[in-house]
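So you can see what is in the structure, the chains are spelled out below.
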Amino acid sequence: MTDAPEIPVRVRPEIAALPPYKQGKQAGADAFKLSSNENPFDPLPGVLEAVQAATSLNRYPDATAGRLRARLAERFGVDDGSVHIAAGSVSILAQLVLATSGPGDEVIFAWRSFEAYPWLAVVAGATPVQVPLTDDARHDLPAMAAAVTDRTRAIIVCSPNNPTGPIVTQAEFDAFADAVPANVLIILDEAYAEFVTDPESVDGLRVLGADGRANVVVLRTFSKAFGLAGLRIGYAIGHPRILDAARSTSIPLSVTAHAEEAALASLDAEDALLERVRTIADRRDRLAAALRGSGWRVPAAQGNFVWLPGGRETLDLAEAFDAAGLIVRPFAGDGLRISVGEEDSVEKVLRIAASVVKDLPEGHSGRGLA
Ligand SMILES: *Cc1c(COP(=O)(O)O)cnc(C)c1O
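Residues numbered from 1 in each chain as written. Predicted model: local features only at pLDDT ≥ 70, side-chain atom pairs only at ≥ 80, totals over all residues. Heavy atoms only, no water.

We now examine the pairing of strand β7 (residues 216-221). The element β7 is largely enclosed, with a buried count of 6 among its 6 residues. Neither face of β7 is open: one carries V216, V218 and R220, the other V217, L219 and T221, and all of them are buried. Bridge count between strand β6 (residues 185-189) and β7: 4 bridges; the pairing is parallel. Looking at the pairing, L188 lines up with V218 of β7. Note: β7 against strand β8 (residues 234-237), 4 bridges, orientation antiparallel. (Buried < 20%, exposed > 50% of the residue type's maximum accessible area, 1.4 Å probe, protein only. Helix = DSSP H or I, 4+ residues; strand = E, 2+ residues; numbered from the N terminus. Pairing = 2+ DSSP bridges.)

Written out as structure tokens, the structure reads:
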């Protein structure tokens, strides 16, 4: 940004070079906000009441969110020490990268993947190493394993991949983990795990349970399927000593009592949760199929979003959706991510998508093979 005023103090050059953070657009009153993979449903039954009943605002929260830790440990059949709670799983990503990687170290991840990854590596002072996705927008795990050097400290695997949608299979993950040195941390980011319907998918809890891989930490969140994005709470499951190291880098007392209570109440509402997740996954499958039917080349969609490969036309395409009251997330030069939102948004998305696909040039990456 050449016209931005200079920073008046001395800042680390790699930080000064980062583009200022831009949140997904806020939606106008009559627009659908499909830009942040949020859950379109109200909180699960019992959640608002639990938040209201939570501790007084003048008291600090329990530093380790002990009740939620114990509850998740019981649910997943691990010790309390193998669970770590933080203010969103992005916080845990940051903690793990800080704990493992500094100047001269490398952090490997697929690209395109979650926008936070390169930034987290840079903030830690480490070097981000991006390994391109395959043509069908999937992780290229053999290439990621081949990118490991003696400087590699952490590798992030995102399944399903945000923003493109495909999963990593269990077989792919196992072969990858076998190929990576056992002293390199593998972070398996499963922010969308609950929406996965592909039986071949990797399952972090199976990785940790049966195989007992000590260098794998699994991340999950209450932000997406559980619909608590606004309260900021997520968790990690992994080796207790790795989680201790993460905790050492964390800002204390970031998880509020209200977030902990809301998470506990959400876990109590499992049946309602599963019903919602099924509704969103069905809606996603319908949306992806209809988009393909209209001529779009949509990669496998296993999260609560679909990906349109927009290429150079991406920003123009986003404008067209925007003008129709649909706020989507464009990644300039690459593609658009559209969250699965309210039922009423689906038909609108399909209408605009079907009209803009016709204008794409011959041979465009967004066109289906049909
Ligand atoms: C949304 C998301 C997260 C989690 O975000 P929090 O709200 O911080 O828990 C983590 N990873 C990916 C890939 C995501 O899309």
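Past the structure itself, the notes keep going.
This brings us to the pattern of salt bridges. For the structure shown, the criterion picks out 17 salt bridges. If you follow the salt bridges from partner to partner, you end up with E190, D203 and R220 in one network. (Salt bridge = Lys/Arg side-chain N within 4 Å of Asp/Glu carboxyl O.)

Here the focus is empty space enclosed by the protein. The final tally for this structure, using the stated rule, is 1 cavity of 30 Å³ or more. Computed from the structure, the largest cavity encloses a volume of approximately 30 Å³. Taken together, L34, L287, I338, S339, V340, G341, S345, V346 and V349 make up the lining of the largest cavity. Mapped onto the lining of the largest cavity, the elements with two or more residues apiece are β12 (335-339) and α13 (343-357). The greatest single-element share of the lining of the largest cavity, amounting to 3 residues, is contributed by α13. By residue class, the composition of the lining of the largest cavity is 6 nonpolar, 3 polar and no charged. (1 Å grid on protein atoms, 1.4 Å probe; cavity = no way out; pocket = protein on both sides within 12 Å on 5 of 7 lines; lining within 4 Å. Points joined across faces, edges and corners; volume = space filled by probe spheres on them. Nonpolar A, V, L, I, M, F, W, Y, C, P; charged D, E, K, R; others polar.)

This part is about the pairing of strand β3 (residues 106-111). With respect to burial, β3 is a largely interior element, 5 of its 6 residues being buried. The sheet contact formed by β3 and strand β4 (residues 127-132) spans 6 bridges and is parallel. Residue F109 lies in a different strand from β4, and its bridge partner there is Q130.

Right, let's get into a nonpolar patch on the surface. Residues I7, V9 and V11 make up a contiguous nonpolar surface patch of roughly 250 Å² in combined accessible area. Examined against the element boundaries, I7 turns out to sit in the segment before α1 (13-16). Taking the relative accessible area as the measure of exposure, I7 reaches 46% and is therefore partly exposed. (Patch = residues over 30% accessible without salt bridge, like charges linked within 9 Å, V, L, I, M, F, W, Y side chains within 5 Å. Areas by Shrake-Rupley, 256 points an atom, 1.4 Å probe, with all protein chains shown as cover.)

A word on the domain arrangement of the protein chain. By domain assignment, the protein chain separates into domain 1 (13-42 + 271-357) and domain 2 (47-268). Taking only C-alpha atoms into account, the centre of domain 1 sits 23 Å from that of domain 2. At the interface, 24 residues of domain 1 touch 27 residues of domain 2. A buried area of about 2,200 Å², summed over both sides, lies between domain 1 and domain 2, and 61% of it is on carbon and sulfur atoms. Three residues, L273, Q302 and F305, lead the burial of domain 1 against domain 2; their summed loss comes to 26% of the area buried on that side. Counting the contacts that link domain 1 with domain 2 gives 2 salt bridges. With a shortest N-O distance of 2.6 Å, D334 and R112 are connected by a salt bridge. Joining domain 1 to domain 2, the criterion identifies 11 residue pairs in polar contact (both at pLDDT 80 or more). For the side of domain 1 that touches domain 2, the secondary-structure elements that each account for two or more residues are α1, α11 (270-293), β9 (305-308) and β11 (329-331). (Domains from an automatic or database assignment. Contact = heavy atoms within 4.5 Å. Buried area = accessible area lost by both parts, 1.4 Å probe. Polar contact = N/O pair within 3.5 Å; in protein donor to acceptor, adjacent residues only side chain to side chain.)

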